[in-house]
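Chain and residue survey
Now for the letters of each chain:
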Amino acid sequence: MCSIKEVEVLVRANRIERLVLIVILLIVGIFMVFPMVWMLLSSLKTTEEVLGTTMTFLPGDPQWSNFSGALEMAPFLRYLWNSFSTATVIVLMQLFLSCLLAYALTQMEFKGRNTIFMVVLSTYMLPAATTYIPSYVIISKMGLMDSLVGIVVSNMVNVFTIFLLRQNFLNVPKELIEAARADGSSEWTILWRIVVPMSKNALINASIISFIGNFNNYLWPSLITNSEENYLISVGLNRFFNSQGAFGDTFPLIMAATVISVLPLMLMYFLLQKYFIGTVSSSSGVKG
Amino acid sequence: MNKKTTIWQILLYVLIPLIPLVVFWIIPLIVSVWLSFTNWDYISPSYDYVGISNYTNLITDEAFLQALGNTVLFALATVLPILFFGFVFAMLLNRLRRNVTFLQGIMFAPWITPMIGMSIVWSWMFDPQIGPINQFLEILGLPQPKWLTDSDVAIWAVIIVTIWKNIGWAMLFFSDALSKIPKGLFEVSDIEGANWWYRIRYVLIPLVSPTSLFLFIILTLDSLQAYDQINVLTQGGPAGSTRTMLYLYYEIAFQQFNMGAAAAVAVLIMIISALLAFISMKISKKYVFY
């Protein structure tokens, strides 16, 4: 019924099949990176090259001055720094608080533990945006409107991180913790010296995912900040884009600004690529 | 077995971490529900209770019904292709076995990029005159739609960008799931002489069904929150054709400052999310093979 070749399908690809697969995947790959490549090339073109109706793929004479031009028009480096610093502080706070709560939920016994877990669980599925109106009022009542502190404070909790850590803390052998307790170690020592080091990978996963999200965050920061010195990179970039009109005179400058906004995470990604890919998929906690 | 947990420990380990959760999640959720029964406009200090009229106004409002339809279309037309292509690419990569890191890296790259920045790039790629997409379609002799200004097409432009950004992410999860399938399973189906479709249908798909369900839930909940790409590409237009429920919520709340009505939209989004999560859990108990 089946030819020998068909039997091989999904077992092992031979040389010709491998070649075909590589070609297909390369074509797909080209489509995936095309917007990035096109952005880079456009950022080096002149306005005439961009607006010309004939397709010029490569810039004739790379206009590196587009980058300095963009940096002169808006403080993109400041925006990048804002994104970097808030995302870093947010990730550290989230890890600290999530470690405490995940430890309590897995290793401590107290009344209402399951209730608290159910409450945390119920917020997991809900879109953050549905909380924005009251959160907006709360931030303004706290006097944190239009400040980076406001962005940090309102993002201190990350339910996903709590889950991921809880999942991992559950896997720490009970005997180890009991032994440490018998030795007279405090809960604090057990958490930071035993449980956390054993869950290092989960902590890295949670950090990377949260860092990217907070670095690129747009909607909420755009609602609670309105002065230039407090913009995150996405907020600043979009304001710049909207201020430039739609007729393309400054299109290469917009592309240069976009490159500036995309580049830091991209560089980080390609330097740590293997690491990124390993972490994101292993963080699912899904039995596959 | 445990030492008795002291009040101070509960304070440190439980109550302190819960403060931000309560302040920025629990209280806002409750307040949102309460606000949805008022006509508060943010500026004036007073408000009236209006019963369920925010809700009844919504379900008779054409803009809302259009947004609801757009949300469903957007969810289905992004989630299903992301799952499909994510699975197919993961399978192809899995067949290659070796030297896949580079290809994987390229396909995952869009997920790292900021949605705002890449949407700005896509908005120019969709440009009917200078954009490479229509220039490419012209070479192929295909029709060249006015992507962002035609109300029949605009939502598809938003959908394409969303799919592009998330395929690599889904692919990683499927790759991970496929790599965990014991090789012996395929050898058994070899001996039984199963054809490739049989293998995919009865060996592969059941084995990745937990991953698929997980991705389906997360991607659907994500699609309900899509905002950045809509804001950059179309701002809900033309003629409301790309306005999703979340975008409508944003407009009512933060452009019109009609907080009561906006809260009602938020509550409806919450209800849809909760229902989705509930149904998915039921399905997973019945059909997903662990």
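Position labels on residues start from 1 in each chain and follow its written sequence. For this description, chains carry letters from A and ligands carry numbers from 1, given in the order in which they are written. Under the rules for a predicted model, residues below a pLDDT of 70 receive no local features and side-chain atom pairs below 80 are neither given nor counted, while totals for whole chains, interfaces and linings still include all residues.

**A look at the overall build of chain B**
For clarity, the threshold we go by: Runs of E in the DSSP output that reach at least two residues are strands. Runs of H or I that reach at least four are helices, and both are numbered from the N terminus. Burial is judged by counting the other C-beta atoms within 10 Å of a residue's own C-beta: 20 or more makes it buried, 12 or fewer makes it exposed, and any count in between marks it as partly exposed, with every C-beta position built from the backbone.
Along chain B, the regular secondary structure elements total twelve helices and zero strands. Each of the three principal axes of chain B carries a C-alpha extent, and together these read 75 × 75 × 30 Å. Split into buried and exposed, the 290 residues of chain B put 44% on the buried side.

**Quick notes on the environment of Gln 235 of chain B**
Residue and element names in this part refer to chain B. Here Gln 235 is to be found in the loop between α10 (228–233) and α11 (245–254). Gln 235 gets classed as partly exposed once you count the C-beta atoms within 10 Å, which come to 14. For the pair Gln 235 and Leu 29, spaced 206 residues apart in sequence, the C-alpha to C-alpha distance is 26 Å.

**A word on the confidence of the model for chain B**
Here is the rule we go by: The quantity called pLDDT is the predictor's confidence in a given residue, expressed from 0 to 100.
Looking at chain B, the pLDDT average stands at 87 and 92% of residues meet or exceed 70. Among the prediction metrics, the complex's ipTM stands at 0.87, with pTM recorded as 0.88.

**Observations concerning the nonpolar core**
Where a protein is soluble and globular, its nonpolar side chains tend to be buried together. Using the following cut-off: What makes a nonpolar core is a set of buried Ala, Val, Leu, Ile, Met, Phe, Trp, Tyr and Cys residues, with links drawn between C-beta atoms within 7 Å. By the convention adopted here, residues make contact when the C-beta atoms placed from their backbones lie within 7 Å.
Within the largest apolar cluster, 154 residues are counted, with the highest numbers of intra-cluster contacts made by Leu 246, Tyr 249, Ala 262 and Val 265 of chain B. Considering every element that reaches this core, the biggest residue donor is helix α7 (residues 154–179) of chain B, with 17 residues. Aside from chain neighbours lying at most four places away, what touches Tyr 249 of chain B is Ala 129 of chain A together with Ala 262, Val 265, Ala 266 and Ile 269 of chain B.

**A word on helix α2 (residues 15–42) of chain A**
Definition in use: What a helix is expected to span follows from its residue count: subtract one and scale by 1.5 Å. Bend is the name given here to the angle between axes fitted to two runs of seven residues, the run ending at a residue and the run starting at it.
The end-to-end C-alpha separation of α2 of chain A is 38 Å, in line with the 40 Å expected for 28 residues at 1.5 Å each. At Val 33 of chain A, α2 of chain A shows its maximal bend, which comes to roughly 50°, and the proline Pro 35 of chain A appears one to four places after that position. Taken together, the buried positions of α2 of chain A are occupied by Leu 25, Gly 29, Met 32, Pro 35, Met 36, Met 39 and Ser 42 of chain A. In the core, the buried residues of α2 of chain A are packed alongside α3 (47–51) and α15 (251–271) of chain A together with α3 (62–96), α4 (101–112), α5 (115–125) and α7 of chain B.

**Some details on the interface of chain B and chain A**
Between chain B and chain A, the contact holds 88 residues from the first and 81 residues from the second. Tallying contributions element by element places helix α1 (residues 7–35) of chain B first for the side of chain B that touches chain A, with 18 residues.

**Points about unusual backbone geometry**
All names here are of chain B. Gly 237 connects to Pro 238 through a cis peptide bond whose omega is -15°. Its location among the elements puts Pro 238 in the loop between α10 and α11. In this model, Tyr 42 sits at a positive phi of 75°, which is unusual for a non-glycine residue. Of note, Tyr 42 is situated in the loop between α1 and α2 (53–59). On the basis of neighbour count, Tyr 42 is assigned to the partly exposed category, with 16 C-beta atoms found within 10 Å.

**Some thoughts on the environment of Leu 29 of chain B**
Here Leu 29 of chain B is to be found in helix α1. Sequence separation between Leu 29 of chain B and Met 270 of chain B is 241 residues, and the spatial gap between their C-alpha atoms is 9.1 Å.

**Side note on the packing of α15 of chain A against α5 of chain B**
Which entries qualify depends on this criterion: For every element, the axis is a line fit to its C-alpha atoms; helices are fit only across the contacting stretch, and the angle between N-to-C directions ranges from 0 to 180 degrees. What sets the label is the angle itself: under 35 degrees gives roughly parallel, over 145 gives roughly antiparallel, 65 to 115 gives roughly perpendicular, and the rest give oblique. Crossing handedness is defined as follows: a turn of the near helix away from the far one that is anticlockwise and smaller than a right angle gives a left-handed crossing, while the clockwise case is right-handed. Note that Gly is not counted as nonpolar here; it falls among the polar residues with everything else outside the nonpolar set of Ala, Val, Leu, Ile, Met, Phe, Trp, Tyr, Cys and Pro and the charged set of Asp, Glu, Lys and Arg.
Look at α15 of chain A against α5 of chain B: their axes get within 9 Å of each other, and the N-to-C directions meet at 150°. For the element pair α15 of chain A / α5 of chain B, the angle class is roughly antiparallel. Here α15 of chain A runs over α5 of chain B; the crossing is left-handed. Residues Phe 251, Ile 254, Thr 258, Ser 261 and Val 262 of chain A of α15 of chain A lie in contact with α5 of chain B, whose contacting residues are Gly 117, Ile 120, Val 121 and Trp 124 of chain B. Its residues assigned to classes, the contact of α15 of chain A with α5 of chain B shows six nonpolar, three polar and no charged.

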